[in-house]
Protein chains: 2
Amino acid sequence: MLSKSSTYAIRAVLFLSLNSDDEKKFNPKSIAEIIDIPAPFLAKTLQELTKRNIISSRKGRNGGFYLTDADRLNTMISIVAAIDGLEKFQGCSLGLPVCDSENPCPIHHLVAPLRNKLVGELTNKTIASFTKEIKEGHTHLF
Amino acid sequence: MLSKSSTYAIRAVLFLSLNSDDEKKFNPKSIAEIIDIPAPFLAKTLQELTKRNIISSRKGRNGGFYLTDADRLNTMISIVAAIDGLEKFQGCSLGLPVCDSENPCPIHHLVAPLRNKLVGELTNKTIASFTKEIKEGHTHLF
DNA sequence: AAGTAAAAAGATAATAATATCTTTTTATAT
DNA sequence: ATATAAAAAGATATTATTATCTTTTTACTT
């Protein structure tokens, strides 16, 4: 469904959303230790997210990765799109050249609604709203 | 969602379900040509399905792969389970060590119902019922 | 202005998934 | 019995994903 890279990205972004701001930044190594994922790999992932303006970073002394309130308005799907791309959510799930609701493959009617639901929710919901869920104790990161 | 191997397997099995029986068998090369997937790769896939008694084969002259009526009663999930395993449909979608409906990760409530629905449908439906859908023109393989 | 801490970039390595090719074994038709 | 056609098994190759390490650039602090 989601690649490891994407799950790492989501976990790191939500961690930063919960714990960082303009004045409290984190370097990739410490994030990696805290959420228990490989550090150099995470660094690349965060760089990509920074390049796409989904999260913020500052170089040099006292620098690090962090989220601004503006960053927190980005959608969850933008994280997945930046890391994995959205191709895997498009096109026929059986790999047929022709497959749509008019000419469905054998699993089209089974997979398409689920996939649309998932992409839809991730498109509608922001990082902020997922963060709120965690803060209120409805979901968790650890 | 499904690996390429699994999609190849599903397409090949449904093709055999539509076109083969005890007296009409297909070798992997001709199946591969017809449904347009890599032949040697398919051979391995079909061998695995045979070993798991999901499809049938006969060696030697006039041999090949085919489906019996009994084979057609296998579930669709058994194909996926044989090729990919079901691990990817279990466990936390974010990779957290603890994640269930009591202690959900941020995307648990989003992904779990969809995943359960997909696995459920593939568990309930047989190869025969998918074949029927194709025969009646409701879905297609090409 | 100089030193430094950290991101950014780039090079390399390991692993897993996908794909191909070759050899061996088997069943059956003749 | 023998030849043969095809599955089965195994060895090899390629590609994509995941992981690690090193160097360079940047900007802040003193």
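Residues numbered from 1 in each chain as written. Chains lettered and ligands numbered in written order. Predicted model: local features only at pLDDT ≥ 70, side-chain atom pairs only at ≥ 80, totals over all residues. Heavy atoms only, no water.

### Some remarks on the overall build of chain A
Within chain A one finds six helices and two strands. When the helices and strands of chain A are read in sequence order from the N terminus, they spell out α-α-α-β-β-α-α-α. The principal-axis extents of the C-alpha atoms in chain A amount to approximately 60 × 30 × 25 Å. The buried share among the 142 residues of chain A stands at 49%. Taking the contacts inside chain A whose residues are at least 6 apart along the sequence as the reference set, 65% of them involve residues at least 24 apart. Carbon and sulfur atoms provide 49% of the accessible area of chain A, an area that totals close to 7,300 Å². Side-chain charges of chain A comprise 18 positive and 15 negative groups, with the mean position of each set lying 6 Å from the other. (Helix = DSSP H or I, 4+ residues; strand = E, 2+ residues; numbered from the N terminus. Buried < 20%, exposed > 50% of the residue type's maximum accessible area, 1.4 Å probe, protein only. Contact = heavy atoms within 4.5 Å. Areas by Shrake-Rupley, 256 points an atom, 1.4 Å probe, with all protein chains shown as cover. Lys, Arg positive; Asp, Glu negative; His and termini not counted. Charge placed at Lys NZ, Arg CZ, Asp CG, Glu CD.)

### Comments concerning helix α1 (residues 4-19) of chain B
In this model, α1 of chain B (16 residues) spans 22 Å end to end at C-alpha, consistent with the 22 Å of a helix rising 1.5 Å per residue. When you tally the buried positions in α1 of chain B, you get 13 out of 16 residues, the bulk of the element. (Expected span 1.5 Å × (residues − 1).)

### As for the protein's contact with DNA strand D
Of all residues adjacent to DNA strand D, which total 26 residues, the nearest are Pro38 of chain A together with Asn27, Pro28, Ser57 and Gly64 of chain B. Each atom of DNA strand D within 4 Å of the protein belongs either to a base or to sugar and phosphate, the latter forming 68%. Contact between DNA strand D and phenylalanine 26 of chain B: a phosphate oxygen at 3.4 Å from a main-chain N or O atom of the residue. Glutamine 47 of chain B places a side-chain nitrogen or oxygen 3.4 Å from a base nitrogen of DNA strand D. Contributing elements (two or more residues each) for the surface near DNA strand D: α1 (4-19) and α3 (39-51) of chain A together with α3 (39-51), β1 (56-58) and β2 (64-66) of chain B. (Near = heavy atom within 4 Å. Polar contact = N/O pair within 3.5 Å; in protein donor to acceptor, adjacent residues only side chain to side chain.)

### Remarks on the relation of the copies chain B and chain A
Placing chain B over chain A gives an RMSD of 0.0 Å and needs a rotation angle of 180°, together with 0.0 Å of translation along the axis. In short, the pair behaves as if placed about a two-fold rotation axis. By C-alpha distance to the rotation axis, the residue of chain B lying nearest is methionine 1 of chain B, at 2.4 Å. When the interface residues of chain B are mapped onto chain A, 100% of them again fall at the interface, so both copies present the same face. (Least-squares fit on C-alpha atoms with pLDDT ≥ 70 in both.)

### Quick look at the packing of α1 of chain B against α3 of chain B
All names here are of chain B. Direction vectors running N to C along α1 and α3 enclose 75°, while the axes themselves pass 10 Å from each other. Relative to α3, the element α1 is oriented roughly perpendicular. Residue-level contacts link Ser5, Tyr8, Ala9, Ala12 and Val13 of α1 to Phe41, Leu42, Thr45, Leu46 and Leu49 of α3. (Axes fitted to C-alpha atoms, helices over the stretch in contact; angles between N-to-C directions. Parallel < 35°, antiparallel > 145°, perpendicular 65-115°, else oblique.)

### Structural notes on the environment of valine 111 of chain A
With respect to the secondary-structure elements, valine 111 of chain A resides in helix α5 (residues 108-124). On the basis of relative accessible area, valine 111 of chain A is assigned to the buried category, the value being 2%. In the structure, valine 111 of chain A is positioned 18 residues away from serine 93 of chain A in sequence and 7.4 Å away in space, judged by C-alpha atoms. Those residues in contact with valine 111 of chain A, other than ones at most four positions away along the chain, are Ser93 of chain A together with Met1 and Leu118 of chain B.

### Observations regarding the protein's contact with DNA strand C
Inspection of the region around DNA strand C gives 26 residues, with Asn27, Ser57, Gly64 and Phe65 of chain A together with Pro38 of chain B positioned closest. Each atom of DNA strand C within 4 Å of the protein belongs either to a base or to sugar and phosphate, the latter forming 68%. One of the side-chain nitrogen or oxygen atoms of arginine 58 of chain B is found 3.3 Å away from a phosphate oxygen of DNA strand C. Of all the elements in the fold, those that place two or more residues in the surface near DNA strand C are α3, β1 (56-58) and β2 (64-66) of chain A together with α1 and α3 of chain B.

### Some details on unusual backbone geometry
Residue and element names in this part refer to chain A. Residue aspartate 36 is not a glycine yet carries a positive backbone phi of 60°. Along the chain, the position of aspartate 36 falls in the loop between α2 (28-35) and α3. Exposure remark for aspartate 36: the relative accessible area of 66% places this residue in the exposed category. Despite not being glycine, asparagine 62 shows a phi value in the positive range, around 60°. Within the secondary structure layout, asparagine 62 lies in the loop between β1 and β2.

### Some points on the state of the cysteines
All names here are of chain A. Summed over all chains, the structure comprises zero disulfides over all chains. Free cysteine: cysteine 99, not disulfide-bonded; nearest cysteine sulfur from cysteine 92 at 3.6 Å. Among the residues examined, cysteine 99 registers a relative accessible area of 18% and is labelled buried. (Disulfide = S-S within 2.5 Å.)

### Describing the pattern of salt bridges
Counted according to the given criterion, the structure contains 14 salt bridges over all chains. Through salt bridges with shared partners, a single network forms among Glu48, Lys51 and Arg52 of chain A. (Salt bridge = Lys/Arg side-chain N within 4 Å of Asp/Glu carboxyl O.)

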